[in-house]
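Residue strings, one per chain:
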Amino acid sequence: VSPDVPGGWNDEAVPAPAAPSLSVQTILYGHGPDDLARFLNGLGAAVRVARREGALGPVGLAIGDCSAEPVVPADRLATLADQVTSAGIGNFEYRFFGENLGSAGGHNTLFRELGGETVLIVNPDVYAMPDLLAPLLERMAEPAVGIVEARQVPLEHPKSFDLATGDTSWASTACALVDGTVLSDLGGFDHESFFLYCDDVDLSWRARLAGRRVVYEPAACVFHDKRLDPAGQVVTGEAEVYYSAEAALMMAWKYSRDDLVEEWGAGLLTTGSDAHARAVEAFRSRRADGRLPEQLDPAGDVAQFVGYAYARHRFAYDDE
Amino acid sequence: MSDDPGSSGAPPFLTAVVRNRGGGDVAEPLLSLAAQTTRDFDVVVLVEPGDGVVGDVEDVVARFSPDFSERVRVMATAGDAMGGALAAAARETRSDYIAIVDAGDVVFAHWAETFAAAAPGNEGRVLRSLVASQQVDVATAGGRVAYTSTDRPRCLRPGPFDLLGHVDAEPEPLLGLALPREVLAGQSVAPEVATADLEDWAVVLTAALLGGVTETGEVTYLHRLVAAPPGAGRAGDRRGEDAWRSVVAALGGRPLTLPAGTLVTLRDRALESAALRAEVVRLRDERDRAREEAGLQATARAEAQGQLDEIRASASWRLSAPVRSAGRLARGVRDRR
């Protein structure tokens with residue numbers, strides 16, 4: 001599929017005067033042009049609908065590319081820019097990093113260079129519901145809200161949340177709206193500690209320690225390309241097994257749960273896979289080298305460790 | 001197979017039929033279709049008639065990207081049963097296959113791609129993917145209504161398609177299947193079929209018997225249960241029972257394709273049936289013998305009772321009554337000492 005998109009979307013190009021601006025950030029790694037085209041189709045419709053409803057002002061899109069080779073070759077950049085512009089997105093940046101910075105590092109780089117009043121952090125394997133943005137922006141306007149998470153289909157995250165207020169332990173940045181001041185005040189994601197997973201849990205907990213609310217908005221819906229195997233388990237790759245284990249140990253350390261560091265480390269070594277064992281060794285190596293982050297929340301005011309999860313869950317995707 | 005049916009003018013490989021039975025949500029099924037990894041399909045949304053319903057659904061469609069919305073048509077069922085409308089939709093499209101997505105449900109991103117990969121070399125056969133189901137509630141956070149899941153998804157029928165099970169015990173859901181278009185367009189489904197669940201049952205039975213079933217092994221469909229799951233369809237429904245018999249009778253008069261292993265299964269079931277019949281005969285014999293024994297015992301008891309009654313009615317029994325009373329009195333005095 002060519003990233004070309006049918007035109008005719010420019011009728012909503014004039015932003016409402018008082019509507020909030022939005023910076024959209026996504027990080028590519030090994031994706032193809034079709035993936036990017038699909039992502040832009042969903043985002044473009046969401047921008048158009050929110051713009052038509054007067055809920056959205058100027059929009060910028062920043063794409064960071066951590067792939068080994070550029071997903072968008074130089075000779076296709078103009079076409080991509082046209083596609084983005086036709087979706088009513090005024091500013092467009094494509095940055096090929098030339099190295100894998102990880103999701104957290106990529107987002108930090110984009111935000112550091114481009115900034116943003118309100119930032120939509122979103123995965124490129126997400127397809128936005130046309131009605132996505134207005135509910136997110138409305139929630140963000142509530143007092144003290146710093147991060148608003150969208151609901152994912154087909155596999156919704158099982159975290160519990162307050163049905164009345166939407167408040168929740170942490171927000172998945174597969175698709176989340178983040179107040180720009182949260183990112184700037186907190187120094188963005190802790191990409192030194194969290195390469196691929198739990199960077200969003202950590203950002204959420206630091207935001208809450210700073211007095212900001214993290215809320216879940218089920219009316220804001222996105223499709224996230226996650227899949228099930230015939231046993232009903234979520235399909236995961238080797239990298240996810242390794243990095244989620246490493247991130248779990250880092251979370252336990254950073255949020256002052258030395259007991260869990262020891263318990264989880266021992267458990268992963270005795271009952272886990274080879275990937276788990278490598279993750280434990282990597283963590284211990286960092287600890288020996290003094291490369292662990294400063295410990296936070298010693299009284300456990302914010303951090304929630306429930307089993308191996310970072311919130312109470314309504315259900316578990318496996319039968320644990 | 002082209003991945004861009006619009007540019008070549010060729011019909012798409014697949015038509016997704018979204019059934020809006022009972023006014024369920026179509027936005028999320030459409031979202032999941034818009035997010036597919038292939039564009040080689042079009043979409044027909046079937047809606048039941050009602051004031052403004054078609055217009056409302058068309059508004060939902062129009063909010064999506066033109067890349068997707070231009071491949072979607074909205075059709076009213078015009079008061080027909082949904083099965084009739086399904087056949088009409090099948091006659092209008094030119095795709096090779098038709099697959100159902102019910103309102104409120106969602107498909108995974110590789111739903112269409114999985115069918116497309118399984119089709120070559122399996123023309124005329126049903127393509128079967130796996131269906132997971134999940135309980136959901138309706139959340140009302142922030143005054144807006146949305147689904148929220150309350151339990152993990154579970155595969156409904158993870159094993160291979162079971163034709164005989166579908167016929168007599170556990171109906172296979174229509175969801176998760178891609179059906180050759182001619183099966184629906186050719187009105188192979190008996191017109192007597194009237195109830196919604198039986199429609200599905202008959203469509204699956206017909207398609208599977210006419211061409212066979214090819215398994216993809218992939219979980220590509222999520223059936224979301226907002227309330228109690230729908231019943232199997234034909235139990236306890238006289239009209240449904242009659243329609244079921246009609247479907248079986250109609251198919252019984254045609255040469256059909258049976259899947260591999262069916263003969264062995266039929267033999268095993270015949271042996272099992274014979275064993276059960278023999279057990280029934282044995283139990284009936286045992287029951288009859290028990291009844292006969294009980295009858296003999298009742299006769300003996302009646303005869304004994306008659307003899308006792310004769311004794312009590314005799315003159316000698318009445319004349320000796322004071323003697324028996326004195327004896328009881330004497331035993332009572334002795335026992336109190």
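The coordinates are above.
Residues numbered from 1 in each chain as written. Chains lettered and ligands numbered in written order. Predicted model: local features only at pLDDT ≥ 70, side-chain atom pairs only at ≥ 80, totals over all residues. Heavy atoms only, no water.

Novice: Teacher, can you tell me more about the overall build of chain A here?
Specialist: The secondary structure content of chain A amounts to 9 helices and 8 strands. In summary, chain A has a C-alpha radius of gyration of 20 Å against a globular reference of 20 Å for 320 residues, a match within 12%. Oriented by its inertia axes, the alpha-carbon framework of chain A measures out at about 60 × 45 × 40 Å. Split into buried and exposed, the 320 residues of chain A put 54% on the buried side. Per element, the accessible surface of chain A, about 12600 Å² overall, is 51% carbon and sulfur. Where the 25 positive side-chain charges of chain A centre and where its 48 negative ones centre are 2 Å apart. (Helix = DSSP H or I, 4+ residues; strand = E, 2+ residues; numbered from the N terminus. Rg over C-alpha atoms; globule rule 2.2 N^0.38 Å. Buried < 20%, exposed > 50% of the residue type's maximum accessible area, 1.4 Å probe, protein only. Areas by Shrake-Rupley, 256 points an atom, 1.4 Å probe, with all protein chains shown as cover. Lys, Arg positive; Asp, Glu negative; His and termini not counted. Charge placed at Lys NZ, Arg CZ, Asp CG, Glu CD.)

Novice: Looking at this model, I keep getting lost on the nonpolar core. Mind explaining?
Specialist: Side chains that are nonpolar tend, in soluble globular proteins, to be buried together. Core analysis: the biggest nonpolar cluster contains 72 residues, and Leu14, Leu30, Leu33, Val43, Val45, Phe68 and Trp111 of chain B have the highest contact counts within it. At 8 residues, the largest contribution of residues to this core is made by helix α9 (residues 196-211) of chain B. Contact partners of Phe68 of chain B, with chain neighbours within four places excluded, come to Leu30, Leu33, Ala34, Phe41 and Val43 of chain B. Listed in part, the 38 residues of the second largest apolar core include Leu56, Ile63, Tyr94 and Leu136 of chain A. (Core = buried A, V, L, I, M, F, W, Y, C linked by side-chain atoms within 4.5 Å. Contact = heavy atoms within 4.5 Å.)

Novice: Mind showing me how you'd approach the packing of helix α8 (residues 258-271) of chain A against helix α9 (residues 274-289) of chain A here?
Specialist: The relative placement of two packed helices comes down to the angle between their axes together with the axis-to-axis distance. Residues and elements named next belong to chain A. Packing of α8 against α9 leaves a shortest axis separation of 8 Å and a crossing angle of 140°. With respect to α9, the axis of α8 lies oblique. In this structure, α8 meets α9 at a crossing whose hand is left-handed. Contacts from Val261, Glu262, Gly265, Leu268 and Leu269 of α8 reach α9 at His276, Ala277, Val280, Glu281, Phe283, Arg284 and Arg287. Counted by class, the contact of α8 with α9 contains 6 nonpolar, 2 polar and 4 charged residues. (Axes fitted to C-alpha atoms, helices over the stretch in contact; angles between N-to-C directions. Parallel < 35°, antiparallel > 145°, perpendicular 65-115°, else oblique. Left-handed = near helix turned anticlockwise from the far one by under 90°. Nonpolar A, V, L, I, M, F, W, Y, C, P; charged D, E, K, R; others polar.)

Novice: In this structure, what is going on with the interface of chain A and chain B? I would like to understand it.
Specialist: How big an interface is tends to be expressed through the accessible area that disappears when the partners come together. Taken together, the contacts link 48 residues of chain A with 44 residues of chain B. When chain A packs against chain B, close to 3600 Å² is buried across both sides, 59% of that on carbon and sulfur atoms. When residues of chain A are sorted by the area they lose upon contact with chain B, Tyr127, Phe223 and Leu228 of chain A head the list and together hold 16% of the total. At the surface where chain A touches chain B, the tally comes to 3 salt bridges. The closest approach of N and O atoms between Asp131 of chain A and Arg63 of chain B, which form a salt bridge, is 2.6 Å. Where chain A touches chain B, the interface holds 13 residue pairs in polar contact (both at pLDDT 80 or more). Looking at the side of chain A that touches chain B, the elements that each hand over two or more residues are α1 (33-52), β5 (126-128), α4 (133-140), β6 (145-153) and β8 (213-224) of chain A. (Buried area = accessible area lost by both parts, 1.4 Å probe. Salt bridge = Lys/Arg side-chain N within 4 Å of Asp/Glu carboxyl O. Polar contact = N/O pair within 3.5 Å; in protein donor to acceptor, adjacent residues only side chain to side chain.)

Novice: Honestly, the state of the cysteines in this entry has me stumped. Any pointers?
Specialist: In a disulfide, the sulfur atoms of two cysteines are covalently bonded to one another. Taken as a whole, this structure holds 0 disulfides over all chains when the rule is applied. For the unlinked cysteine Cys198 of chain A, the closest cysteine sulfur is that of Cys66 of chain A, found at 18 Å. (Disulfide = S-S within 2.5 Å.)

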